[in-house]
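The residues making up each chain are set out below.
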Amino acid sequence: DYLPQDGRFSFETTNHDWTKKKVDARVNFMPWMLSESTVIRFLDSEKWVSTFEEIGFTDRNYDILKKHISKTTWMIVVTWPTGSWKTTTLYSILNFLNTWTNKIITLEDPIEYEMPWIQQSQINYNKNYDYETGLKAILRHDPDIILVWETRSKETADIAVNAALTWHLVFTTLHTNSSIASIPRLLSMGVEPYLLAPAIQLILSQRLVRRVCPICSWRRPANYAEQVEIEQAIKRMNDAWITDLPAFDGTVVESHGCALCNETWYQWRLAILESLEITEDMRNLIVDRDTEAAILTKARENWFITIQEDWIIKVL
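Notes on the structure in this doc start here. (Residues numbered from 1 in each chain as written. Predicted model: local features only at pLDDT ≥ 70, side-chain atom pairs only at ≥ 80, totals over all residues. Heavy atoms only, no water.)

### Remarks on the overall build of the protein chain
Rules: The way it works is that DSSP assigns letters per residue, a run of H or I at least four long becomes a helix, a run of E at least two long becomes a strand, and they are numbered from the N terminus. Put simply, the radius of gyration uses C-alpha atoms, and a globule should come to 2.2 Å times the residue count raised to 0.38. The buried label applies to any residue whose accessible area, calculated with a 1.4 Å probe on protein chains only, is under 20% of its type's maximum; exposed applies above 50%, and partly exposed to all values in between. Contact between two residues is taken to exist if any of their heavy atoms lie within 4.5 Å; hydrogens are not considered.
Counting its regular elements, the protein chain contains 11 helices and 12 strands. Its C-alpha atoms give the protein chain a radius of gyration of 21 Å, near enough to 20 Å, the size a compact globule of 316 residues would have. Taken along the three principal axes of its C-alpha coordinates, the protein chain extends 60 × 55 × 50 Å. Considering the protein chain as a whole, with its 316 residues, one finds that 46% of them fall into the buried category. Intrachain contacts of the protein chain at a sequence separation of at least 6 include 69% that bridge at least 24 residues.

### Details of the sheet that holds strand S9 (residues 200-212)
Spelled out, the test is: Between any two strands, pairing holds if DSSP finds at least two bridges. Every angle, taken between N-to-C directions, lies between 0 and 180 degrees, and every axis is a line fitted to C-alpha atoms, over only the stretch in contact when it is a helix.
Spatially, S6-S5-S7-S8-S4-S9-S12 is the arrangement adopted by the 7 strands of the open sheet, whose pairing is mixed. Each of the sheet's edge strands pairs with one partner strand only, and the pair in question is strand S6 (119-122) and strand S12 (266-277). Along the sheet, successive strands turn relative to each other by an average axial angle of 20 degrees, direction set aside. Contacting strand S4 (74-79), strand S7 (145-148) and strand S8 (169-174), helix H5 (residues 154-165) runs over the sheet at an angle of about 135 degrees to S4.

### A look at the packing of helix H9 (residues 280-287) against helix H10 (residues 292-300)
Note the cut-off: Angle categories are assigned with fixed cut-offs, so that under 35 degrees is roughly parallel, over 145 is roughly antiparallel, 65 to 115 is roughly perpendicular, and the rest are oblique.
One way to put it is that H9 packs onto H10 with a least axis distance of 10 Å and a crossing angle of 175 degrees. The angle between H9 and H10 places the two elements in the roughly antiparallel class. Judged by residue contacts, Asp 281, Met 282 and Leu 285 of H9 engage Ala 294, Ile 295, Lys 298 and Ala 299 from H10.

### Focus: the sheet that holds strand S2 (residues 20-31)
If you walk across this open sheet you meet the 3 strands as S1-S2-S3, and the pairing is antiparallel. Looking at the sheet topology across the chains shown, the edges are occupied by strand S1 (5-14) and strand S3 (36-44). Averaged over all neighbouring strand pairs, the angle between strand axes comes to 25 degrees, with direction disregarded. Bridge analysis of S1 against S2 gives 10 bridges, and the strand direction is antiparallel. Each residue of the ladder has a partner; that of Ser 10, found in S2, is Asp 24.

### Thoughts on the packing of aromatic side chains
Aromatic ring pairs are reported here in terms of the distance separating the ring centres and the angle at which the planes meet. Worth spelling out the cut-off: By convention, a stacked pair of Phe, Tyr or Trp rings (six-membered ring in the case of Trp) has centres within 6.5 Å and planes under 30 degrees apart, an edge-to-face pair has planes over 60 apart, and any other such pair is tilted. Any Lys NZ or Arg CZ that is within 6 Å of a ring centre and within 35 degrees of that ring's normal is treated as a charge sitting over the ring.
For the structure shown, the criterion picks out 8 aromatic pairs. Arranged with centres 5.7 Å apart and planes meeting at 45 degrees, the rings of Phe 52 and Tyr 62 form a pair that is tilted. Of this pair, Phe 52 sits in helix H1 (residues 52-55) while Tyr 62 is found in helix H2 (residues 59-69), placing the two residues 10 residues apart along the sequence. Exposure class is identical for Phe 52 and Tyr 62. Each is buried. Sitting above the plane of the Trp 268 ring, Arg 269 keeps its charged end 6.0 Å from the centroid.

### Let's talk about the nonpolar core
Here is the rule: As used here, the term nonpolar core means buried Ala, Val, Leu, Ile, Met, Phe, Trp, Tyr and Cys residues forming a set that is joined through side-chain atoms within 4.5 Å.
Ranked by size, the top nonpolar core spans 69 residues in total, and within it Phe 171, Ile 183, Leu 196 and Leu 276 carry the most contacts. Per-element accounting of this core gives the leading share, 6 residues, to H5. Once residues within four sequence positions are removed from consideration, Leu 196 is found in contact with Val 161, Ile 183, Leu 186, Leu 187, Val 191 and Ile 286.

### Description of a nonpolar patch on the surface
Here is the rule we go by: Like-charged residues within 9 Å of one another, or nonpolar side chains (Val, Leu, Ile, Met, Phe, Trp, Tyr) within 5 Å, are grouped into patches, provided each residue has over 30% relative accessible area and no salt bridge. For the accessible areas, the method is Shrake-Rupley and the probe is 1.4 Å, while residue cover comes only from the protein chains on display. Salt bridge, as used here: a side-chain nitrogen of Lys or Arg that lies within 4 Å of a carboxyl oxygen of Asp or Glu.
A cluster of nonpolar residues, Phe 9, Phe 11, Ile 40 and Phe 42, forms a patch on the protein surface that exposes about 370 Å² of accessible area. Listed by contribution, the elements that provide at least two residues to the nonpolar patch are S1 and S3. Counting through the fold element by element, Phe 42 comes out in strand S3.

### Some words on H9
Basically, it comes down to this: Throughout, the arc means the angular range of directions from the helix axis out to the C-beta atoms.
Turning to H9, its buried residues are Met 282, Arg 283, Leu 285 and Ile 286. Within H9, the buried residues cover an arc of 160 degrees as seen down the axis, which keeps them to one side. On the buried face of H9, the contacting elements are helix H6 (182-189), helix H7 (193-199), S9, S12 and H10. Count one or two residues on from H9 and you reach Arg 289, which has phi positive near 55 degrees.

### Focus on helix H8 (residues 224-239)
Quick reminder of the rule: A helix is expected to span 1.5 Å multiplied by its residue count minus one. The term polar contact refers here to a pair of N or O atoms within 3.5 Å; inside protein, the definition further demands a hydrogen-donor-capable atom paired with an acceptor-capable atom, and it admits residues adjacent in sequence only when both atoms are side-chain atoms.
In this model H8 runs 22 Å from its N-terminal to its C-terminal C-alpha over 16 residues, within 8% of the 22 Å that 1.5 Å per residue would give. Along H8, the residues that are buried comprise Ile 230, Ala 233, Ile 234 and Met 237. Along the axis of H8, the buried positions cluster into a sector of 100 degrees, meaning they face one direction only. Facing away from the buried side of H8 by over 90 degrees, the exposed positions are Tyr 224, Ala 225, Lys 235 and Asp 239. Against strand S11 (251-255) and helix H11 (307-315) lie the buried residues of H8. Two or three places before Ala 225, at the opening of H8, Asn 223 has a side-chain oxygen 3.2 Å from that residue's backbone nitrogen. Where H8 ends, the next residue or the one after it, Trp 241, has phi of about 65 degrees, a positive value.

So this is what it looks like as structure tokens:
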């Protein structure tokens, strides 16, 4: 029909120690002029939830996340580009909150994994079932926690903000370059600043980096460019009174390739993160529609670490 198409299938295979396991595959077809392009994503159906430590939440980011997801109200925004473990992080959060005392309802497109005891709803644009329609219905079902897989329009943002203001814990995602950029993005969608300011509580930003193979890695002296970048990042953090940093001994980790990493130098991946807590001073800046630079300055007063600095900390 010369239209993009989505599908899924599962199959059973064996891993490196010859134990059988099930793999889920997500397929997308996109038409070209004379042919079609196909992309397949393979998902481990037995490991769809990770611990926060496995994802990359270090002590500070983990403490901030745990503090805010343990609350009963407010809005938490997570922002990232495509392919940054959005599914892994959000499902791990939902799994942490999935107790018999919490009623959790999600709006997803698509539903990647089925979670027990959680009411998951699949968006269906062909039948006019979009995020706005689903959110209006969700609020009639008395949820404690709501996940809106993506905020794409003013209507969705308005309903999510109002849900957070009426004693619901709301999770949603955006695609922005940083956590602070999420605030002007929501305002540009048309959300009123006097509503956004009291509703939003935490903004997470996440990227993925490759992790050096632990078997064939070794420490080498940092070259001049690496040393300058690391020392400048450490100085910025020290100027913001962030002092509990790993020591820089003038070396960085590098690998040379081995059979275990298939001569690629890397094994698995790791998230680097920003955790932006919204304080009362920052709420005033949001109401005044102040600049991202002003919000960053105020965030620095509360020991905010940027995603680039979290990367440097993990390098150290």
